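Chain by chain, the residues:
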Amino acid sequence: CLDSSVHTAAKPSSPIEKGLATPSLLSYFAVSKYVDHLPLHRMEGIMARYGIEYPRSTMCDQLCASGALLEPLYGAAIEEVLASRVLATDDTPVKVLDPERTKARTGYVWTYVGDEEHPLIVYDYTPGRARAGPEAFLKDYGGYLQADALPQYDELFKPERHKLIWEIGCWSHARRYYVNAQETSPTQAVIAIAHIKALYEVEKAAARRKLRGDALVAWRKEHSVPILDRFRAWLLEQRQATLPKQPITTAINYTLSNWDALCRYIEDGDFVPDNNRSERALRGIAVGRGNWLFFGSDRGGRTAAILLTLLKSAQRNDLNPFDYLTDVLTRIADHPHSRIAELLPHRWKPIGETKIAVAA
């Protein structure tokens, strides 16, 4: 005989305790905001068009809960990226709401881009731009740090640290000073930019020849060092003929004061002449803040750092960020903590297929 009883389907599992959102829905919110740059109020409107009432306040709470759940994996990502021999870093400002102020204040997102053996991009949020931020993040790091000569990094390069950090400068950043000086000192600025362009032509020629390691070092010593020697002699000569407050003087002083760091890329085939990779890692935040405008709190900044780390690292490893995050959110609660690093993007192996599912 036919079974006429009513059977209720099991509710899809949710990584958030007592929550209704499935891993795929949580992943959808995170990817939409931090990869596709959609603010929550726009997502709220999109879902409303499909007859789904989902307040942005609930989305915000669920993003924060997702970030808290992913904290152990974020910690593993930090450990992994700090094992890099060469680490690139940069920062960008973001407005942050503060209940104790009538106006939003400025927080900062820092990015730390690992080398080829540690292909992750870690983001860190700090309430301000004080040197305590990068010093805390890099307190146990030893290796080469490529940055744009912010004074916040100066303490990191002092020889009395328990682990030594050597600075690698950024020629792209140095070049910007000369671009800014073109209006007031066009001839000098153009000559300086031409010298820097010549250095990059050497790099392009090396790339065409697919030079790596010692072969690349030898190429640079043969072709780049003579350019650098001529450029430095010209800079020293020009500094004597410029006024103290001219933009070209600022450019020359920046270049000469950071000369050793700017030339360090010559020494090793794993080094590059600029910090552009970390600047590219911050480009999405620059685009995103034009849409979502601000973080709602310091906690929101921390959540953004965690989710950005996993999503952007997934993209760096040629993964679909939605599929990756959905799978991780599905598994992380039951995954052994001692093996949490297995879920990092460059080690991740998917289990099954992931599809969008919205809990009723």
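Here, the structure is the one placed above.
Residues numbered from 1 in each chain as written. Predicted model: local features only at pLDDT ≥ 70, side-chain atom pairs only at ≥ 80, totals over all residues. Heavy atoms only, no water.

Draft legend 1. View of the pairing of strand 3 (residues 121-126). When you tally the buried positions in strand 3, you get 6 out of 6 residues, the bulk of the element. Here strand 3 shows two buried faces, one formed by Ile121, Tyr123 and Tyr125 and the other by Val122, Asp124 and Thr126. Strand direction decides the pairing type here: strand 2 (residues 105-113) and strand 3, joined by 6 bridges, are antiparallel. Bridging across to strand 3, tryptophan 110 finds its partner in aspartate 124. (Buried < 20%, exposed > 50% of the residue type's maximum accessible area, 1.4 Å probe, protein only. Helix = DSSP H or I, 4+ residues; strand = E, 2+ residues; numbered from the N terminus. Pairing = 2+ DSSP bridges.)

Draft legend 2. Structural detail: helix 7 (residues 186-208). Along its 23 residues, helix 7 runs 32 Å from first to last C-alpha, staying within 8% of the 33 Å computed at 1.5 Å per residue. Along helix 7, the residues that are buried comprise Gln188, Ala189, Ala192, Ile193, His195, Ile196, Leu199, Val202, Glu203, Ala205 and Ala206. Of the residues one or two after helix 7, lysine 210 is the one with positive phi, at around 55 degrees. (Expected span 1.5 Å × (residues − 1).)

Draft legend 3. Structural view of empty space enclosed by the protein. Inspection of the entire model under this criterion finds 1 cavity of 30 Å³ or more. One number sums up the size of the largest cavity: a volume of about 30 Å³. Residue lining of the largest cavity: Lys33, Tyr34, His37, Gly284, Ile285, Gly288, Trp292 and Leu308, and that is the complete set. Of all the secondary-structure elements, those providing two or more residues to the lining of the largest cavity are helix 1 (23-34) and helix 11 (276-292). Split into classes, the residues belonging to the lining of the largest cavity amount to 4 nonpolar, 3 polar and 1 charged. (1 Å grid on protein atoms, 1.4 Å probe; cavity = no way out; pocket = protein on both sides within 12 Å on 5 of 7 lines; lining within 4 Å. Points joined across faces, edges and corners; volume = space filled by probe spheres on them. Nonpolar A, V, L, I, M, F, W, Y, C, P; charged D, E, K, R; others polar.)

Draft legend 4. Molecular detail of the packing of aromatic side chains. Tallying each qualifying case throughout the model produces 15 aromatic pairs. Between tryptophan 110 and tyrosine 153, the aromatic rings sit 6.2 Å apart at their centres with planes inclined by 80 degrees, giving edge-to-face as the arrangement. Pair noted here: tryptophan 110 is in strand 2 and tyrosine 153 is in the loop between strand 4 (143-146) and strand 5 (165-168), with a separation of 43 residues, a long-range link. With respect to burial, tryptophan 110 and tyrosine 153 carry one shared label: buried. Over the aromatic face of tryptophan 292 sits the side chain of lysine 33, whose NZ or CZ is 5.7 Å from the ring centroid. (Phe/Tyr/Trp six-rings, centres within 6.5 Å; stacked < 30°, edge-to-face > 60°. Lys NZ or Arg CZ within 6 Å of the ring centre and 35° of its normal.)

Draft legend 5. A look at the environment of serine 257. Positionally, serine 257 belongs in helix 9 (residues 247-257). Residue classification places serine 257 among the exposed positions, given a relative accessible area of 57%. Among the polar contacts listed, one links the side chain of serine 257 to the backbone oxygen of asparagine 253, at a separation of 2.8 Å. A polar atom in the side chain of serine 257 sits 3.3 Å from the side chain of asparagine 258. (Polar contact = N/O pair within 3.5 Å; in protein donor to acceptor, adjacent residues only side chain to side chain.)

Draft legend 6. The layout of surface pockets, seen in detail. In this structure, the largest pocket encloses a volume near 760 Å³. Around the largest pocket sit 29 residues that line it, and Glu116, Asp270, Phe271, Val272 and Arg277 are the ones nearest its centre. Elements with a contribution of two residues or more to the lining of the largest pocket: helix 7, helix 8 (213-239) and helix 11. A per-element tally of the lining of the largest pocket places helix 7 first, with 5 residues. Its residues assigned to classes, the lining of the largest pocket comprises 13 nonpolar, 3 polar and 13 charged. Its volume calculated, the second largest pocket comes out at about 400 Å³. At the level of secondary structure, the elements contributing two or more residues to the lining of the second largest pocket comprise helix 1, helix 2 (40-49), helix 3 (56-69), helix 11, strand 6 (294-295) and helix 12 (298-316).

Draft legend 7. Local environment of the nonpolar core. Among the nonpolar cores identified, the biggest contains 70 residues, and Leu70, Leu73 and Tyr123 are the most heavily contacted of them. Sorting elements by how many residues they give to this core places helix 12 first, with 8 residues. With residues up to four places along the chain from it excluded, the contact list for leucine 70 reads Ile306, Leu307, Leu310, Leu325, Val328, Leu329 and Ile332. Listed in part, the 34 residues of the second largest apolar core include Ala189, Ala206, Leu211 and Ala251. (Core = buried A, V, L, I, M, F, W, Y, C linked by side-chain atoms within 4.5 Å. Contact = heavy atoms within 4.5 Å.)

Draft legend 8. Geometry of helix 3. Taking 1.5 Å of rise per residue, 14 residues should cover 20 Å, and helix 3 covers 20 Å from first to last C-alpha, within 8% of that figure. Taken as a whole, helix 3 has its buried residues at Met59, Gln62, Leu63, Cys64, Ser66 and Gly67. Looking at the buried residues of helix 3, the elements they touch are helix 1, helix 2, helix 4 (71-81) and helix 12.

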